[in-house]
Amino acid sequence: MLKVVQLKCEYLKNPIDIGVTKPRFSWIIESDKRNVVQTSYEVHVSENGDFRNMLWNSGLVESDESAHVYYEGPALKSKTKYNFRVRISDNYGETSDWSETAFFATTLCSPNEWVARFITAEGKDDGKSSKGTLLRKEFGISEEIESARVYVTSLGMYELHINGKKVGDALFTPGWTAYNKRLQFQTYDVTEMLKQGSNAIGAVLGAGWYKGDLAGWIGRRNVYGDKTALLLQMNVLFKDGSESVIVSDDEWKSSDGPILYSELYHGETYDARLEKEGWDKPDYGDSAWEKAQYVDFDLKKVVPQDGLYVKRQETLKPKAMFVTPKGEQVIDFGQNLAGWVKFKVSGNPGDRVILKHAEVLDKDGNFYIENMRAAKVRIEYILKGQGEETFEPHFTFQGFRYIMIEEFPGNPPLEKFEAIVLHSDMEKNGTFSCSNELLNQLNHNILWGLKGNFIDIPTDCPQRDERLGWTGDAQIFISTACFLMDTALFFRKWLRDLKAEQLENGGVPFVIPDVLTNNLQSDRIIREQHSSTGWGDAAVICPWTAYQYYGDVEILKEQYETMKKWVGYIREHAAEGLIWDTGFHFGDWVALDAKEGSYIGATPTDLIATAYYAYSTKLTAQTARVLGNINEAEEYDSLYDKIIQAFRNEFYTSRGRLAARTQTAHILALMFDLAPIEHKDRTIKTLLKLLEENKGHLTTGFLGTPYFCHVLSENGHLDAAYDLLLKEDFPSWLYQVKMGATTIWEHLDGIKPDGTMWSANMNSFNHYAYGAIGDWIYKVTAGINIDPSFPGFKRAIIKPRPGGGITYVIAKQKTIYGDLSVEWSLIDGYIMVSVIVPHNTQAFITLPKASPEQVQDKGIDFVTCDGGCAGMVGSGRYEFKYVYA
Ligand code: BGC
């Protein structure tokens, strides 16, 4: 049995918003055999369903590629649906049937195709307003409808309605991009929503990231503009082949609506008495509405959606309702999350519901909101007083576990509240569980750190007046994120913004989209404007990591110039082009060895900056090689060698002492291979000594912590790595778990052992950065690794390394080739290891403490290696059991 399933085009199942000229196809192979390799494929693309009229027949292509296979046919038309199917042969000589037919559809492929214009309901005095506005239009359809697509975007956020229903389930559209450079539009299939006769289309607009408050601590607003506006074009195709186009223009009508106020940080005020019943349906009397006004915006900046949509993902029921010592009525959802509260309420017209959001309670059990800083995190709903009313906000979200009910008509019934978890619509890729419950909770917290902070862009935190795309946080966490969720499109989009926001001189803003450069005058901590080490390096580390996980060379092609410019920027600012000792750096941010009153750890920033410079240069060289730019690869290799040499001269004494006696300095030197070979041992020993001096605890910050366990386990100290990971007292990952955390905290001691809090001005309880330890857990404890030369898990390196008293692990990873899994368990002196390798891939499996004789009956060529034995296997399921001593 050989089967081709799960066809995708540009990572998506049946996408309708393809804007590229050469979309790529991927498929999964099913077979009942082992060692299955695809030997050839055929792809058919047709504009009609039955493939009689073929647009492109790839012919029989001898290739083992089943991911990212390019469409190579004639130019695709815009706004057109194409079917495709795939058939393959394998190394057993078997040929599959044709797969089920899948499709992709192109969207508007060029800015010239827009005939619509941006229209607004706001006037010249509305710049500071955060109200929601309405735009509407009625139109008639007399012919029979074949299909209808709507192409739409906005300045600010929009919610689109047709004939009384919301279009699609995406939220916060059009997402957040560097709007002044690129603005995504969305494509919806609305065939089923239209009817012959009268129709109405309407949109609700809100301030969103476009004109609302951003970076609350420096008080930015109207970053991109001061009027919300809608751009919409609907193509309706009729059965007789004719077409009608409905566009946003000044014939639309506009009005204020029930959303009095909606701001991302602050929440929403909604007066249901102001609802305009039937405004999104035909035959609504809009004669009192104003005429919509045109707004200018360069249509060349409008691009097809390239990220994932934010959607409702989960619904959590409340766990408890109680009154705090201060007398506040509080609901606990049991999980810190990002999203909003949906509630049902009955009462009189004008009655109000007022809610506030918090992540934690204080030491005395009171509602703790100080760490939200300027974010008001407040919902106010004013009842219309007609039976039971249901409310969900529109253009805001909050980071919370608890809500305080400040006002509610009557007694709030617990069952009328639900927490709706929102995040970008990523497929869950990786799972991990083991015998250690605290570690399982840590993994849960890491996953929820991801969920809470992957809302269209990777944010530092989802609750206070910040919620920005901090580059440092993203580069630290990306590998963990890629294991847990399919973030390929999520990062593709964000990296396109990084590319767009990169400065002329190659500098990289601190946050993407950039709302800080040249606006930090009033900031207490940050003196310079952009380009910190460990933050700007996201320009290199993120594309490289995404390429590793998804095997997608396009991401490297897109980002290569950006990578080069970043390395060039550093070179320009480094002493003799080698030691980066200028500029402002966040350094080992929030490290525990920071001086009193500082967030910047004790490790000298020039050491960190030069270490990261070396690392980024190395990855840029590797990228050049992947892209076939051999000359450039060699140039970067030679620059890399020089940086390492300079690092050694500058930071190592001739006898091998590293200039900075901090854990992070030693971690980075080892992680980035900067220690001179002859002094590597001393570097490791000193690191162990530093650990011991701190009673086995870390003192590291953002840049040292993620790599700590890696350098220990890579250098012969697996036990020390497990000890560190499994420490339960402060400072440690599990300290938080034991303190009841359900997400990862910004500070290892956000809540101190005595219950008091870290300073409220920087104390997020949902900050994924320290969740980067997930990378070690998945790669070392579970043993799931990628061979960098065969990215996308085309060849996996499976190397579980039991330890820490853990008796079993179950880990799964959904790769672009199919499901990979590793399970191991220790029972009665034996170890059982079982591995599933997806078809059309290989895995190099290392079995810990095994000798080839113990496992030789598996028909695999095992050789002694690395404290165990190792062998290459093809696809299939493998089980090993041997005495483990
Ligand atoms: C953010 C961090 C970020 C940092 C810069 C903070 O306010 O929350 O996560 O990376 O600033 O150092």
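Every chain is numbered on its own, with residues counted from 1 as its sequence reads. At least 70 in pLDDT is required for a residue's local features to be given in this predicted model, at least 80 for side-chain atom pairs to be given and counted, and no such filter applies to totals for whole chains, interfaces and linings, which use all residues. Here the side-chain values reflect all heavy atoms present in the structure, with hydrogen atoms and water set aside.

## Considering the sheet that holds strand 34 (residues 430–434)
Part 1 of the reasoning: What the five strands build is an open sheet, ordered 34-39-40-41-45; its pairing is antiparallel. Two strands lie at the open edges of the sheet, namely strand 34 and strand 45 (876–883), each paired on one side alone. With direction set aside, neighbouring strand axes in the sheet form an average angle of 5°.
Part 2 of the reasoning: Any two strands with at least two DSSP bridges between them are considered paired. To qualify as a helix, a DSSP run of H or I must reach at least 4 residues; to qualify as a strand, a run of E must reach at least 2; elements of each kind are numbered from the N terminus. As defined by bridge partners, strand 34 adjoins strand 39 (residues 808–815) across five bridges and the pair is classed as antiparallel. Its bridge partner being in strand 39, F432 is matched across the sheet by A811. Only the stretch in contact is used when a helix axis is fitted, and all axes are lines through C-alpha atoms; the angle between N-to-C directions ranges over 0 to 180 degrees.

## Concerning the pairing of strand 40 (residues 818–827)
Part 1 of the reasoning: Sheet topology note: the strand 39/strand 40 ladder contains eight bridges and is antiparallel. Looking at strand 40, one finds that Y808 is bridged to S825.
Part 2 of the reasoning: The antiparallel pairing of strand 39 with strand 40 creates a hairpin that spans two residues between the two strands.
Part 3 of the reasoning: Note that strand 40 and strand 41 (residues 830–837) share seven bridges and pair antiparallel. By the bridge assignment, W824 is partnered in strand 41 with V833.
Part 4 of the reasoning: Hairpin connection, strand 40 to strand 41: the antiparallel pair is bridged by two residues, and D828 has positive phi, about 50°.

## Quick word on the state of the cysteines
By definition, a disulfide is the covalent link that joins the sulfur atoms of two cysteine residues.
Part 1 of the reasoning: Any two cysteine sulfur atoms within 2.5 Å of one another count as a disulfide. Summed over all chains, the structure comprises zero disulfides.
Part 2 of the reasoning: There is no disulfide at C709, and the cysteine sulfur nearest it, in C434, is 14 Å away.

## Digging into the environment of Q559
Part 1 of the reasoning: The topology assignment puts Q559 in helix 6 (residues 553–573).
Part 2 of the reasoning: Owing to a relative accessible area of 1%, Q559 belongs among the buried residues under this scheme.
Part 3 of the reasoning: A sequence separation of 15 residues divides Q559 from W544, and the C-alpha atoms of the two residues are 9.2 Å apart.
Part 4 of the reasoning: It only takes one pair of heavy atoms within 4.5 Å for two residues to be counted as in contact. If sequence neighbours within four positions are ignored, Q559 has contacts with L495, R496, K499 and P543. Residue exposure (1.4 Å probe, protein chains only): buried if accessible area is under 20% of the type maximum, exposed if over 50%, otherwise partly exposed.

## What about the pattern of salt bridges?
Part 1 of the reasoning: Every case where a carboxyl oxygen of Asp or Glu lies within 4 Å of a side-chain nitrogen of Lys or Arg is listed as a salt bridge. Taken as a whole and judged by the stated rule, the model has 60 salt bridges.
Part 2 of the reasoning: Where D250 meets K291, a salt bridge forms, and the shortest distance between an N and an O atom there is 3.8 Å. Here the residue D250 occupies a position in the loop between strand 17 (243–247) and strand 18 (253–256), and K291 occupies one in strand 21 (residues 290–291), the gap between them amounting to 41 residues.
Part 3 of the reasoning: We classify D250 as partly exposed; its relative accessible area is 26%.

## Brief notes about the site of the ligand
Part 1 of the reasoning: Proximity criterion: a residue is near a molecule or strand once any of its heavy atoms comes within 4 Å of it. Looking at the ligand, the residues that line it are D460, R464, E466, W470, D473, W535, F586, W589, F702, E746, M762 and H767.
Part 2 of the reasoning: R464 places a side-chain nitrogen or oxygen 2.7 Å from an oxygen atom of the ligand.
Part 3 of the reasoning: For the purposes of these results, a polar contact is taken to be a pair of N or O atoms within 3.5 Å, where, inside protein, one atom must be able to donate a hydrogen and its partner to accept one; residues adjacent in sequence count only when each atom of the pair is a side-chain atom. In the environment of the ligand, an oxygen atom lies 2.8 Å from a nitrogen or oxygen atom belonging to the side chain of H767.
Part 4 of the reasoning: Each accessible area is a Shrake-Rupley result for a 1.4 Å probe, and residues are judged covered by the shown protein chains and nothing else. Out of a free accessible area of 310 Å², the ligand has 97% covered by protein chains.
Part 5 of the reasoning: Residue composition of the shell around the ligand, by class: six nonpolar, one polar and five charged. Three classes are used: nonpolar for Ala, Val, Leu, Ile, Met, Phe, Trp, Tyr, Cys and Pro, charged for Asp, Glu, Lys and Arg, and polar for all others, with Gly counted as polar.

## Details of the domain arrangement of the protein chain
Part 1 of the reasoning: By the assigned domains, the protein chain splits into domain 1 (2–105), domain 2 (111–256 + 277–305), domain 3 (311–424) and domain 4 (784–883).
Part 2 of the reasoning: Across the boundary between the two partners, domain 1 contributes six residues, which contact 10 residues of domain 2.
Part 3 of the reasoning: Overall, the association of domain 1 and domain 2 removes approximately 650 Å² of surface from exposure, summing both partners, and the carbon and sulfur fraction of that is 51%.
Part 4 of the reasoning: We define buried area as the total accessible area lost by two parts upon association, computed with a 1.4 Å probe and summed across both. When residues of domain 1 are sorted by the area they lose upon contact with domain 2, I16, D17 and K79 head the list and together hold 76% of the total.
Part 5 of the reasoning: Our count for the domain 1 to domain 2 interface comes out at zero salt bridges.
Part 6 of the reasoning: The interface formed by domain 1 and domain 2 holds one residue pair in polar contact (both at pLDDT 80 or more) in total. An automatic or database domain assignment supplies the start and end points of every domain.

## Focus: the packing of helix 9 (residues 663–671) against helix 11 (residues 705–714)
Part 1 of the reasoning: At their nearest, the axes of helix 9 and helix 11 sit 9 Å apart, and the two run at 60° to each other. Between helix 9 and helix 11, the angle falls in the class oblique. Crossing handedness for the pair helix 9 and helix 11: left-handed. Residues Q663, I667, L668, L670 and M671 of helix 9 lie in contact with helix 11, whose contacting residues are Y707, F708, H710 and V711. Geometric relationships in this document are graded by angle, where less than 35 degrees denotes roughly parallel, more than 145 denotes roughly antiparallel, 65 to 115 denotes roughly perpendicular, and other angles denote oblique. The sense of a crossing depends on the near helix, which, turned anticlockwise from the far helix by less than a right angle, makes the crossing left-handed and, turned clockwise, makes it right-handed.

## Description of unusual backbone geometry
Part 1 of the reasoning: A cis amide bond links T173 to the next residue, P174, at an omega of 10°.
Part 2 of the reasoning: Structurally, the position occupied by P174 is in the loop between strand 13 (165–166) and strand 14 (183–189).
Part 3 of the reasoning: Following I512, the chain continues into P513 via a peptide bond in cis, with omega recorded as -10°.
Part 4 of the reasoning: Inspection of the secondary structure assignment puts P513 in the loop between helix 4 (488–501) and helix 5 (538–550).
Part 5 of the reasoning: Backbone geometry places F51, a non-glycine residue, at a positive phi of 60°.

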